[in-house]
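Chain residues, written in single-letter form:
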Amino acid sequence: MAAARVQCSFQNNLGLLSPNIYSTNSSKFKFISARIPFRSTQSSSSSIAPRALFSSRAADSEFAVGKQQETTNSESPFVVTTPLYYVNAPPHMGSAYTTIAADAIARFQRLLGKKVIFITGTDEHGEKIAAAATASGSSPREHCDFISQSYQMLWKELGIDYDKFVRTTDPKHETIVSEFYSRVLANGDIYKADYEGLYCVNCEEYKDEKELLSNNCCPVHLKPCTLRKEDNYFFALSKYQKRLEELLIQNPDFVRPSYRLNEVQSWIRAGLKDFSISRASVEWGIPVPNDPRQTIYVWFDALLGYISALLDNRGLPNLENAVSSGWPASLHLIGKDILRFHTVYWPAMLMAAGLSTPLTVFGHGFLTKDGMKMGKSLGNTIEPTELVQRFGADAVRYFFLKEVEFGSDGDYSEDRFVNIVNAHLANTIGNLLNRTLGLLKKNCQSILAVDSAVAAEGNAFKANVSNLVEKARIHYENLSLSSACEAVIEIANAGNIYVDKRAPWSLFKQGGAAAEAASKDLVIILEAMRIIAIALSPVAPSLCKRIYTQLGYSEDQFDDVTWNDTRWGGLKAGQVMGEVKPVFARIDHQDTLDAGGEAAAAAAAAANKAPRTKGKASRTQTAAEA
């Protein structure tokens, strides 16, 4: 979003200067003058919506921080957001990772029966966008349309089931930004000041000379910063220092993971400085309402996409209608590089406008490849579209959510990717289902002999599965996505151990009571597979749908499941299983490396995409099982 300017360094943000600081040690970085003609005692309306959408601005010290959970009732939607991704370039794996995680969280919350509003979108204003458009020989609008569409196409490839896709060039969004700006202005928190400093176009921020490299080069982009002198509008961030401190004390879950809270607290304790929220030299942006010669700074603009996305087509595009449709957000998911904007500037902006702050901001880590930082100059970037086309969406989603502890940095290597996906999805899950259905078809004509509840009476396996399902639920709720995956895979591991120990193929050959016991064993394993299909569906939805349909259910029945359906006892006597075929085609890594291997990889990806696509078996039955 503004959020996805992942290349920018936000550690110093020295464009954020207090109006009472008229100079610094740098001769090239100073306020020329400060004028404050816009302060007003006027107070905007403070109508109270069901979720405490607008907070009272009477007596700043009484601002109700950390109280959103108390004002949120059971009918309130669960609103989860990704950053609004900056359209200076096509989507990369970092933006895909955030969005995959958000989609998994949204799908889990829907399983719990909650109304979910999953918001994603693109941030489309700013000098860097205009420069990228010029470089490509297109207009800014044409450029934004093209890149924004590329995000939407990738989200479709990844199976991202979002509810709202917001673009900051949408006229409704621009209306919300103008109204929000006017509200903050009326509260006396915007003033005008002359400003001079060294400016990095790529970071779209002013830099302090002491943080720059030789020749005034930006340490992130290694390009010289230019000296600029502008007459800009500033937001009085420093006014909200105490209230931000109170927010973090009273609501420690506002910043997650917990170790990022310390970082945010240190920023605030160091002292907050006001920051410029307009640009006099940038044309591609939303005009400042009280001075159309300037445009609103992209971050002040883009953050409001979280609110404007809540608008529907039924009412006027205004703040009241937007916030009444779901604000405050339950969860902002972001990369750790934009933590400061979301945990310091954004809540202060909301306070100034009399709006509630989001409940939680979760800053995840970065991705590396083969242990190295990714970069186009190194030729080691991960292209998400290529990855999906080679291996399928389920494989991509599963690997990054299972193998990267959510919140920490994570590494990708192709060898590890193939090994993990084959071991967990093709072997542990896929083979368990395939071998069990094969035995059922051979010995029971693909028909279940007894109810799963009856089959598991007195069997410890049922209790083990139930415990693992509960662990997975807790991990999902705590945003521990990797641990949730691990709990579900443990169910499949337990199932494989159970089958190997019980050897139902041998029991069937014995006939009589042994054969009856074997038929119950197959029902037990297939019930575990049914539960796996639900519990893993937030992470690998297409794979889980294929599993569910092979158990004799329709796709519509899968779409209607809830987390309550993970309780043991779903499969009933007489239910007819579907056609026996692999649900996940094993990836042949050598094929992907050989010349012409792209075709083989594409075939595997196709097999792992459509519910009824045939693929190579993950593992054939042993001679004994046959």
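Rules of the game
Residues numbered from 1 in each chain as written. Predicted model: local features only at pLDDT ≥ 70, side-chain atom pairs only at ≥ 80, totals over all residues. Heavy atoms only, no water. 1 Å grid on protein atoms, 1.4 Å probe; cavity = no way out; pocket = protein on both sides within 12 Å on 5 of 7 lines; lining within 4 Å. Points joined across faces, edges and corners; volume = space filled by probe spheres on them. Nonpolar A, V, L, I, M, F, W, Y, C, P; charged D, E, K, R; others polar. Buried < 20%, exposed > 50% of the residue type's maximum accessible area, 1.4 Å probe, protein only. Helix = DSSP H or I, 4+ residues; strand = E, 2+ residues; numbered from the N terminus. Contact = heavy atoms within 4.5 Å. Pairing = 2+ DSSP bridges. Axes fitted to C-alpha atoms, helices over the stretch in contact; angles between N-to-C directions. Salt bridge = Lys/Arg side-chain N within 4 Å of Asp/Glu carboxyl O. Parallel < 35°, antiparallel > 145°, perpendicular 65-115°, else oblique. Core = buried A, V, L, I, M, F, W, Y, C linked by side-chain atoms within 4.5 Å. Right-handed = clockwise from strand over helix to strand, strands pointing away. Polar contact = N/O pair within 3.5 Å; in protein donor to acceptor, adjacent residues only side chain to side chain. Left-handed = near helix turned anticlockwise from the far one by under 90°.

Tell me about empty space enclosed by the protein, and please be specific about residues and values.
Counted under the stated rule, the structure contains two cavities of 30 Å³ or more. What the second largest cavity holds in volume is close to 50 Å³. If you go around the second largest cavity, the residues you meet are G126, E127, Y199, E204, R279, V282, W284, G285, T295, I296, Y297 and V298. Looking at the lining of the second largest cavity residue by residue, the classes come out as six nonpolar, three polar and three charged.

Lay out helix α6 (residues 241-250) with the relevant residues and their values.
For α6, the set of buried residues is Q241, R243, L244, E246, L247 and L248. Next to the buried residues of α6 lie β8 (255-256), α7 (258-269) and α11 (339-352).

So, the sheet that holds β8: which residues are in play, and what are the values?
Read from one edge of the open sheet, six strands run β4-β3-β2-β13-β14-β8, paired in parallel fashion. The open sheet has two edge strands, β4 (164-167) and β8, and neither has a second partner. Examined bridge by bridge, strand β2 (residues 78-86) and strand β13 (residues 331-335) share two bridges and lie parallel to one another. Bridging across to β13, T81 finds its partner in H332. Contacts from helix α2 (residues 93-111) reach β2, β3 (116-123), β13 and β14 (361-364) within the one sheet, and its direction differs from that of β2 by about 165°.

Any details on the environment of S324? Residues and values, ideally.
Within the element layout of this structure, S324 appears in the loop between α10 (319-323) and β13. Owing to a relative accessible area of 45%, S324 belongs among the partly exposed residues under this scheme. Each C-alpha atom, one on S324 and one on L310, is 8.5 Å from the other, the two residues being 14 residues apart in sequence.

Could you give an account of helix α3 (residues 127-135), naming the residues involved and the relevant values?
For α3, the set of buried residues is E127, K128, I129, A132 and A133. The inward-facing, buried residues of α3 abut β2, α4 (140-157), β5 (190-200) and β7 (226-235). With its phi angle positive at about 75°, G137 sits one or two positions after the end of α3.

Please provide a residue-by-residue account of the pattern of salt bridges, values included.
Once their charged atoms are close, side chains differing in charge can pair, the charge on each being opposite to the other. This model, assessed by the stated rule, comprises 24 salt bridges. Where R110 meets D163, a salt bridge forms, and the shortest distance between an N and an O atom there is 3.0 Å. Here R110, found in helix α2, pairs with D163, found in the loop between α4 and β4; they are 53 residues apart in sequence, far enough to count as distant. Under the relative-accessibility criterion, R110 is labelled partly exposed at 24%. D163 gets classed as partly exposed once you look at its relative accessible area, which sits at 39%.

Kindly report on the packing of α3 against α4, identifying the contributing residues and their values.
Closest axis-to-axis distance for the α3/α4 pair is 8 Å, and the angle between their directions is 95°. One finds that α3 runs roughly perpendicular with respect to α4. Residue-level inspection shows I129, A130, A132 and A133 of α3 in contact with α4, the latter providing P140, H143 and C144. Here the contact of α3 with α4 is built from residues that sort into six nonpolar, one polar and no charged.

A description of the nonpolar core should follow, citing residues and the corresponding values.
Core analysis: the largest hydrophobic core is formed by 179 residues, its most contacted members being F180, F235, I307, F400 and F417. For this core, the leading source of residues is helix α19 (residues 512-535), giving 15 residues. Discounting residues that sit within four places of it in the chain, I307 has contacts with L319, A322, V323, W327, W346, L350 and L355.

Tell me about the pairing of β2, residues and numbers included.
Counting buried residues along β2, nine of its nine residues qualify, which places the element largely inside the surrounding structure. The pairing of β2 with β3 spans seven bridges and is classified as parallel. By the bridge assignment, V80 is partnered in β3 with F118. With respect to chirality, the unit in which β2 leads through α2 into the neighbouring parallel β3 is right-handed.

Before we move on, could you go through the sheet that holds strand β11 (residues 287-288) and cite the residues and values that matter?
Read from one edge of the open sheet, three strands run β10-β12-β11, paired in antiparallel fashion. With one partner strand each, in any of the chains shown, β10 (278-279) and β11 form the two edges of the open sheet. Examined bridge by bridge, β10 and strand β12 (residues 291-296) share two bridges and lie antiparallel to one another. The residue of β12 that forms the bridge with S278 is I296.

Break down the side chain of D291 for me, with residues and values.
Take D291: it is sitting in strand β12. Its relative accessible area of 5% is what places D291 among the buried residues. Here Y233 takes part through its side chain, which lies 2.9 Å from a polar atom of the side chain of D291.

Run through the packing of α2 against α4, naming residues and quoting values.
The N-to-C vectors of α2 and α4 enclose an angle of 50°; their axes lie 11 Å apart at closest approach. The angle between the axes of α2 and α4 places the two elements in the oblique class. The crossing of α2 and α4 is right-handed. Between α2, through S95, A96 and T99, and α4, the contact on the second element is made entirely by Y151, L154 and W155.

For the pairing of β12, give the residues involved together with the corresponding values.
The pairing of β11 with β12 spans two bridges and is antiparallel. Within the sheet, the bridge partner assigned to P287 lies in β12 and is T295. Connecting the antiparallel pair β11 and β12 is a turn made up of two residues.

I'd like a description of unusual backbone geometry, backed by residues and values.
Here the amide bond leading from R256 into P257 is cis, since omega sits at -5°, within 30 degrees of zero. Among the structural elements, P257 can be located in the loop between β8 and α7. P328 follows W327 through a cis peptide bond whose omega is 10°. Within the fold, P328 resides in the loop between α10 and β13. Positive phi values are uncommon outside glycine, yet S446 reaches one of about 65°. Along the polypeptide, S446 turns up in the loop between α14 (414-444) and α15 (452-455).

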